[in-house]
Amino acid sequence: MARPIRETPILFGEDARRFEENMRNVKCDITRKEYDEMMASYKAVRASLERGEAARMARQAARQGGAS
């Protein structure tokens, strides 16, 4: 059985200030080539998902059309 997820702590004072400052200064350490490769993979997965969704909708429409 899964354990319950604990509540997210709320930061106050110096901890909150430090966290906010760190979030403002996040630096991306990937190269343009790595970014392009990741984006190409993302686009391929997204296109596959859209094709699958279109096929699912077509099957659903065919079932509904045949049931009438």
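Residues numbered from 1 in each chain as written. Predicted model: local features only at pLDDT ≥ 70, side-chain atom pairs only at ≥ 80, totals over all residues. Heavy atoms only, no water.

**Q** Give me the pattern of salt bridges: which residues, what numbers.
**A** One pass over the full model with this rule turns up 7 salt bridges. Put simply, Arg32 and Asp36 hold a salt bridge, and the shortest N to O gap is 3.5 Å. In this pair, Arg32 and Asp36 both sit in helix 2 (residues 32-67), 4 residues apart, roughly one turn of the helix. Judged by its relative accessible area of 60%, Arg32 falls in the exposed class. On the accessibility criterion, Asp36 (38% relative accessible area) is partly exposed. One salt bridge connects Glu50 with Arg46, and the closest N-O pair in it is separated by 3.1 Å. Remark: Arg46 and Glu50 occur in helix 2; sequence separation between them is 4 residues, near one turn of the helix. In this structure, a network of salt bridges that share partners links the residues Glu14, Asp15, Arg17 and Arg18. (Salt bridge = Lys/Arg side-chain N within 4 Å of Asp/Glu carboxyl O. Helix = DSSP H or I, 4+ residues; strand = E, 2+ residues; numbered from the N terminus. Buried < 20%, exposed > 50% of the residue type's maximum accessible area, 1.4 Å probe, protein only.)

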